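As a plain string of letters, each chain reads:
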Amino acid sequence: MTTAFEELKATAVRCVAATDGIRQADVARVLGIPSSFDNNWITKGLLDGLVDEGRLTKDESKIFRIK
């Protein structure tokens, strides 16, 4: 059984993979996380976790890419 968090992570990875680089705010929009609710913490934590897992990279301009 897949948890909601695992599905959210998978969707974020697919979102990043479908681009040549994407900003955190754009990922939040795709995930349906409103900016008024997000305050960057939800998406930032999710994406930085994926970077820590080695699944994504983040450059100095804070653009996320698939690894």
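Refer to the structure printed above.
Residues numbered from 1 in each chain as written. Predicted model: local features only at pLDDT ≥ 70, side-chain atom pairs only at ≥ 80, totals over all residues. Heavy atoms only, no water.

### Quick word on helix 4 (residues 41-52)
Residue pairs three or four apart in sequence face the same way in an α-helix, which turns once every 3.6 residues.
Part 1: The first and last C-alpha atoms of helix 4 sit 16 Å apart over 12 residues, in line with the 16 Å expected at 1.5 Å per residue.
Part 2: Turning to helix 4, its buried residues number three or more, namely Thr43, Leu46, Leu47, Asp48 and Leu50.
Part 3: Phi turns positive, to about 85 degrees, at glycine 54, one or two residues after helix 4. (Helix = DSSP H or I, 4+ residues; strand = E, 2+ residues; numbered from the N terminus. Expected span 1.5 Å × (residues − 1). Buried < 20%, exposed > 50% of the residue type's maximum accessible area, 1.4 Å probe, protein only.)

### Re the packing of helix 1 (residues 4-17) against helix 4
Part 1: With their axes 11 Å apart at the nearest point, helix 1 and helix 4 run at an angle of 75 degrees to one another. Accordingly, the angle class assigned to the pair helix 1 and helix 4 is roughly perpendicular. Of the residues in helix 4, those in contact with Phe5, Leu8, Lys9, Ala12, Val13 and Val16 of helix 1 are Leu46, Leu47 and Leu50.
Part 2: Looking at the contact of helix 1 with helix 4, its residues break down into 8 nonpolar, no polar and 1 charged. (Axes fitted to C-alpha atoms, helices over the stretch in contact; angles between N-to-C directions. Parallel < 35°, antiparallel > 145°, perpendicular 65-115°, else oblique. Contact = heavy atoms within 4.5 Å. Nonpolar A, V, L, I, M, F, W, Y, C, P; charged D, E, K, R; others polar.)

### A word on the side chain of lysine 9
Part 1: Mapped onto the elements of the fold, lysine 9 is located in helix 1.
Part 2: Of the residues examined, lysine 9 reaches a relative accessible area of 16% and is grouped as buried.

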